[in-house]
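Architecture and fold: a report
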Amino acid sequence: MKFARRMDHFGEGIFTKLLEIKRKRLEQGQPVIDLSVGTPNIPPASHIIEALCTAAADERNYIYAVNDQSALLEAASSWYRSRYGVELDPKTEICSLLGSQEGLAHISLSIIDEGDLVLVPDPCYPVFADGPLLAGAELYFMPQKKENDYVICLQDIPEDIARRAKFMIVSYPNNPTAALAPDSFYYDLIDFAKKYDIIVLHDNAYSELVFDGRTGGSFLAFPGAMDVGVEFNSLSKTYGLAGARIGLCLGNSEVVSQLKTLKSNMDYGMFIPIQQAAIAAITGDQSSVEKTAKAYERRRDILCEGFASIGWNMEKPEATMFIWTRIPAHYEKSEDFAMDMVSKAGVIVTPGSAFGPSGEGHVRLALVQDEDMLNHAVQAVKASGILKV
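The structure contained in this document is the topic of the report that follows. (Residues numbered from 1 in each chain as written. Predicted model: local features only at pLDDT ≥ 70, side-chain atom pairs only at ≥ 80, totals over all residues. Heavy atoms only, no water.)

**Focus on the packing of helix H2 (residues 46–56) against helix H10 (residues 272–283)**
Defined as follows: Lines fitted to the C-alpha atoms define the axes, with helices restricted to the stretch that makes contact. Angles between their N-to-C directions range from 0 to 180 degrees. Segments assigned H or I by DSSP are reported as helices when at least four residues long, segments assigned E as strands when at least two residues long, and all are numbered from the N terminus. Here is the rule for angles: anything less than 35 degrees is roughly parallel, anything more than 145 is roughly antiparallel, 65 through 115 is roughly perpendicular, and the remaining ranges are oblique. Take the far helix as the reference: if the near one is turned anticlockwise from it by less than a right angle, the crossing is left-handed, and if turned clockwise, right-handed. Two residues qualify as a contact provided that any one of their heavy atoms is within 4.5 Å of a heavy atom in the partner residue. All amino acids are sorted into three groups, where Ala, Val, Leu, Ile, Met, Phe, Trp, Tyr, Cys and Pro are nonpolar, Asp, Glu, Lys and Arg are charged, and the leftover types, Gly among them, are polar.
Taken N-terminus to C-terminus, the directions of H2 and H10 make an angle of 155°; their axes are 8 Å apart at the nearest point. One finds that H2 runs roughly antiparallel with respect to H10. In the crossing of H2 with H10, the sense of the turn from one axis to the other is right-handed. Two secondary-structure elements touch here, H2 through His47, Ile48, Ala51, Leu52, Ala55 and Ala56 and H10 through Pro273, Ile274, Gln276, Ala277, Ala280 and Ala281. Residues that form the contact of H2 with H10 fall into these classes: ten nonpolar, two polar and no charged.

Below, the structure is given as structure tokens:
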């Protein structure tokens with residue numbers, strides 16, 4: 001049998017490998033503390049679950065949704081107005097995604113032709129690169145360097161690359177580096193996109209998980225943003241709805257329209273009870289949002305301070321549900337360190353090499369365990385001795 005050449009770009013995903021290692025350890029009765037995949041263990045608020053259950057009990061809701069319900073689009077428009085100060089036309093400037101991952105995997109198909117150039121961050125969440133690759137793109141990696149606080153330096157992109165680029169993906173608060181970008185970056189980004197006629201996608205999945213008294217915002221709130229691109233937002237982490245797969249594409253009407261057309265040929269829309277849960281989440285009591293952010297902030301402090309106490313110093317991230325840190329100096333490869341972490345300490349982390357060329361030498365830890373389990377993780381790593389030369 002012969003298969004598509006595009007599959008040459010893809011191997012088994014790192015998260016699939018880690019899941020298999022986890023499965024084998026559990027089968028052998030060995031302990032596992034999983035800090036790899038960013039799957040939240042904080043459940044949705046009760047009113048969101050109630051809305052989902054009520055809608056799921058209605059037999060009329062088992063038809064194809066086909067399109068987004070007008071109530072969902074109106075709710076999303078109101079949410080962006082009240083939360084971010086952004087005015088959006090619910091009919092033309094918003095569409096749902098079956099999770100941001102789905103949208104990130106497919107939006108390139110509506111924008112680029114094979115061989116077009118796409119700018120992606122480095123390191124980056126894997127689908128930022130994988131989506132364009134599926135569409136046949138040529139990639140140019142924009143470094144996110146520690147010395148620049150992991151913020152892309154747009155002025156370092158060569159002129160010929162900028163003129164060839166058709167599409168670019170950026171994301172702050174950032175996964176995996178957990179960095180925030182200053183307002184000045186967004187002004188520069190919009191000017192850059194206008195100068196070179198580049199469509200921008202800003203992934204804003206972690207805007208509510210911002211710590212130490214800071215507040216997240218929206219790319220679309222900056223003047224001119226709607227002229228050049230769209231923003232993806234997600235209810236996965238903010239509202240504990242990761243498995244429900246609820247994302248939104250918001251912004252430039254032309255980009256949204258093209259994505260809607262593409263999706264109309266690929267799926268039959270979001271399950272109606274899940275649309276009802278989404279409406280309940282973004283229009284209902286928002287007290288759970290702050291509680292969730294505070295929970296991740298406490299987990300961050302426990303893990304960072306705990307590991308520092310045993311000799312593995314790491315900076316406290318400003319946002320997200322992740323910690324991005326250098327591996328111990330006596331390791332050369334992040335995957336080697338990650339494998340030792342799981343085999344000797346029973347703690348699963350994601351090697352930085354999974355996030356692009358600049359990720360090597362780092363690991364990402366997800367704050368997806370309760371506080372007691374995070375304390376156990378610190379003690380397990382201490383007992384394993386892997387931090388010692």
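We are not done yet, so read on.
**A look at helix H9 (residues 253–264)**
Turn by turn, an α-helix covers 3.6 residues, leaving residues three or four places apart pointing in a common direction. Threshold: Residue count minus one, scaled by 1.5 Å, sets the expected span of a helix. Only protein chains enter the accessibility calculation, which uses a 1.4 Å probe. A residue is then buried if its area is under 20% of the maximum for its type, exposed if over 50%, and partly exposed in between. An arc is given here, and it is the one of the directions from the helix axis to the C-beta atoms.
Helix length check: H9, at twelve residues, gives a terminal C-alpha distance of 16 Å against a target of 16 Å (1.5 Å per residue), a fit within 8%. Buried residues of H9: Val255, Val256, Leu259, Leu262 and Lys263, and no others. Take H9 and look down its axis: the buried residues cluster within an arc of 125°, on one side only. Opposite the buried face of H9, by more than 90 degrees, sit the exposed residues Glu254 and Ser264.

**Here's the deal with the pairing of strand E7 (residues 229–234)**
What counts, and what does not: By definition, two strands form a pair when at least two bridges between them are found by DSSP.
For E7, the buried fraction is high: six of the six residues fall into the buried class. Of the two faces of E7, both are covered, the one formed by Gly229, Glu231 and Asn233 as well as the one formed by Val230, Phe232 and Ser234. Note that E7 and strand E8 (residues 247–251) share five bridges and pair antiparallel. Its bridge partner lying in E8, Ser234 is registered against Gly247.

**A short note on the packing of aromatic side chains**
This is how it is decided: Classification of ring pairs uses Phe, Tyr and Trp, with its six-membered ring standing for Trp, and accepts pairs whose centres are within 6.5 Å; under 30 degrees between planes counts as stacked, over 60 as edge-to-face, and the remaining range as tilted.
Under the criterion given, the structure shown has 17 aromatic pairs. Where Trp79 meets Tyr84, the ring centres are 6.1 Å apart and the plane angle is 65°; that geometry is what we call edge-to-face. Across this residue pair, the class does not change: Trp79 and Tyr84 are buried. Ring pairs connect the aromatic residues Tyr172, Phe185, Tyr186, Tyr187, Phe219 and Phe222, which therefore count as one cluster.

**Quick look at the sheet that holds strand E5 (residues 165–170)**
Strands sit in the order E2-E8-E7-E6-E5-E3-E4 across an open sheet of seven strands; the sheet is mixed. The open sheet has two edge strands, strand E2 (94–97) and strand E4 (138–143), and neither has a second partner. In this sheet, neighbouring strand axes are inclined to one another by 20° on average, regardless of whether the strands run parallel or antiparallel. Two elements, strand E3 (residues 117–122) and E5, share three bridges in a ladder whose sense is parallel. Paired with Leu117 across the bridge in E5 is Ala165. Seen against the sheet, helix H3 (residues 70–84) touches E2, E7 and E8 and runs at an angle of roughly 105° to E2. Sitting on the sheet, helix H5 (residues 126–134) is in contact with E3, E4, E5 and strand E6 (199–203), with an inclination near 165° to E3.

**With respect to the pattern of salt bridges**
To keep it simple, the criterion reads: By definition, a salt bridge exists where a carboxyl oxygen of Asp or Glu is found within 4 Å of a side-chain nitrogen of Lys or Arg.
Across all of its chains, the model carries 24 salt bridges by this definition. For Arg299, the salt bridge is made with Asp370, and the minimal N-O distance between the two is 3.3 Å. Taken together, the residues Arg299 in helix H11 (residues 287–309) and Asp370 in the loop between strand E12 (362–366) and helix H13 (371–384) connect sequence positions 71 residues apart. One salt bridge connects Arg300 with Asp301, and the closest N-O pair in it is separated by 2.9 Å. By the burial criterion, Arg300 is buried, and Asp301 matches it. Linked by salt bridges that have partners in common, Asp212, Arg214, Glu297, Arg300, Asp301, Glu305, Lys316 and Glu318 make up one network.

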